[in-house]
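One-letter residues, chain by chain:
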Amino acid sequence: MQIKTFIFPDLQLNIDYLNERFRDCDDMIKKRFQIGQRRNHAFYLIYADGLADSVMIQDNVIRPLLVEPLKDYPRSLENWIIESADRRKIFDMEEAITNILAGNTLLFFDECDFAIMVSSKKFPVRGIESPDQEASIRGPKDSFNESLRFSTALIRRRIRDTRLKVEQVQVGVRSKTDLAIMYMEDLVHPEILAQIRTEIKEICVDGILDSGVLEQFLEKKVNSPFPQYQHTQRPDKVSSGILEGRIAVVVDNSPDVLLLPVTLNVFFQAGDDYYNRWETATFGRLLRYIAAMIAIGLPGLYIAIADFHTDVVPTDLVLFFAKARESVPFPVVVEVLMMEIAFELLREAGIRLPGQLGGTIGIVGGLIVGQAAVDAGLVSTIVVIIVSLTAIASFSVPSESFRGAFQLLKFVMIAFCTLWGLYGYFLGFLAILIHLCSLESYGVPYLSPTVHGGAEKDYIVRMPWKMLNLRPSFTRADARRRQNRE
């Protein structure tokens, strides 16, 4: 717990204290000035170079204090001379130092036991760009960036309602990272809101550098491969979630926003599902659910059939499998693992390499490695097809974090099928289903609405907008109706 350090009425004592705290910090701009035309009083100005707007400080803070005649000192300092609307008194030195490091300007005066904080933040940030992880054909093309205030503004722009609340707190003993909790006051469950407030308050760590770090501190079951928070770059998706009674956590320095509570079905929803006709959106979602099954179970299913249960497929197909594997010296599981690991390496290389080069490596590398492996007799053509189809299916799921669970579960299913064949295949999916049934997010079942109900019209089938008259079950009970048909 930080000990409060009060600001001294003696200006020189404050200067000495700040010089000691900011020793060897050459990015701090510090200067002592005389106030007004008579120069009877002095003030000390300090701010962080690169985090503050120096032009604004010069024109709206320093110039008025140096030029304007001084009257009724020190009351006129706050009420008249300083030309800034966003300013306030600070009586604690630690709070003053935190504001300096956040990009604000601090003014210390002689014969005053307080400092005046003037908002002067001007961080180096990216512009508003299109989301690179959640691209959509139809709908808004803007995305969050690393600035907390830019991100909250993009949400506020879409929800012009005073019931949209923004609670700003700091997390991290050393980083003091700003984060904002955003919610609709009349839609959110008070118990969920109180719980997330408490959990964030209890985090004690050196620094939170990204929303991914915060997510790992907040999640309940750390051993689950399934994400327990939804993170997104799209302001329209966050706004839609808030209007359903969910809570958004915006973290400074992170372009991703966390949404809670979360259910399995939200990871299969794409941004443009709600901007296209309901038939198109439903067909797309159905494909994604099928793709998820393929991404997890197809390699294991091939191993189970080829090694244990060849009698479940037609004879012609069995002969085709046998002919394709005539020159392959390895067991089926070995060639599947070889191709899966090779593909994962290519995908990892494509992510780490620069944009255009990364895409080229992924496509050309996959073609060359696959063809060379077949020509060399290391793998069969059917395995190349299965691994390629598995990769395409995994990329069909819109959520990057949910896609990561498929990468791990795919190898678990391969192990189960290698040991027990089709019995292992069904046992593997049963184990996954049991695990999903055990998960919940702030009291909401992970498999909702399958096991809980409440959003059947916006599940696998996305009904027309005119029929989506109820919010999901995690909305406050007395505010579930969102359309007045009358």
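The sections below set out a description of the structure shown in this document. (Residues numbered from 1 in each chain as written. Predicted model: local features only at pLDDT ≥ 70, side-chain atom pairs only at ≥ 80, totals over all residues. Heavy atoms only, no water.)

Describing a nonpolar patch on the surface
- A cluster of nonpolar side chains, namely Leu419, Trp420, Tyr423, Leu427, Leu430, Leu433 and Ile434, defines an oily patch on the protein surface of about 760 Å² accessible area.
- One can find Leu433 in helix H14 (residues 400-438).
- We classify Leu433 as partly exposed; its relative accessible area is 43%. (Patch = residues over 30% accessible without salt bridge, like charges linked within 9 Å, V, L, I, M, F, W, Y side chains within 5 Å. Areas by Shrake-Rupley, 256 points an atom, 1.4 Å probe, with all protein chains shown as cover. Salt bridge = Lys/Arg side-chain N within 4 Å of Asp/Glu carboxyl O. Helix = DSSP H or I, 4+ residues; strand = E, 2+ residues; numbered from the N terminus. Buried < 20%, exposed > 50% of the residue type's maximum accessible area, 1.4 Å probe, protein only.)

Overview of the sheet that holds strand E3 (residues 87-90)
- One open sheet holds the five strands; their spatial order is E1-E2-E4-E5-E3, and the pairing between them is antiparallel. The outermost strands of the open sheet, each flanked by one partner alone, are strand E1 (28-35) and E3. Here the strands of the sheet are splayed against their neighbours by 25° on average, with no regard to which way each runs.
- Of the strands in this sheet, E1, strand E2 (41-48) and strand E4 (105-109) are in contact with helix H1 (residues 11-21), which crosses E2 at around 20°. (Pairing = 2+ DSSP bridges. Axes fitted to C-alpha atoms, helices over the stretch in contact; angles between N-to-C directions. Contact = heavy atoms within 4.5 Å.)

Focus on the packing of helix H5 (residues 148-158) against helix H8 (residues 235-242)
- For the pair H5 and H8, the least separation of the axes is 9 Å and the interaxial angle reads 60°. It follows that H5 is oblique to H8 by the angle criterion. Relative to H8, the crossing made by H5 is right-handed. Contacts between H5 and H8 involve Leu154, Ile155 and Arg158 on the former and, on the latter, Pro235, Asp236, Val238, Ser239 and Ile242.
- For the contact of H5 with H8, the residue count by class is five nonpolar, one polar and two charged. (Parallel < 35°, antiparallel > 145°, perpendicular 65-115°, else oblique. Left-handed = near helix turned anticlockwise from the far one by under 90°. Nonpolar A, V, L, I, M, F, W, Y, C, P; charged D, E, K, R; others polar.)

Focus on the sheet that holds strand E9 (residues 247-251)
- Strand order in the open sheet formed by five strands is E6-E7-E9-E10-E8, and the pairing between neighbours is antiparallel. What marks the edges here is a single partner per strand, and that holds for strand E6 (164-171) and strand E8 (230-232). Strand-to-strand twist of the sheet, defined as the mean angle between neighbouring strand axes without regard to direction, takes the value 25°.
- In the sheet, E8 pairs with strand E10 (residues 257-260) via three bridges, with the strands oriented antiparallel. Of the residues in E10, the one forming a bridge with Gln230 is Leu259.
- Most of the contacts of helix H6 (residues 190-201) go to strand E7 (residues 177-184), to which it runs at about 175°, and overall it touches E6, E7, E9 and E10.

Topic: the packing of aromatic side chains
- Under the definition given, this model contains 15 aromatic pairs.
- Both rings, one in Phe267 and one in Phe402, keep their centres 5.0 Å apart while their planes meet at 0°; by these two values the pair is stacked. Highlighted residues: Phe267 in the loop between E10 and helix H9 (278-307) and Phe402 in helix H14, separated in sequence by 135 residues. Per residue, the accessibility class of Phe267 equals that of Phe402, and both read buried. (Phe/Tyr/Trp six-rings, centres within 6.5 Å; stacked < 30°, edge-to-face > 60°.)

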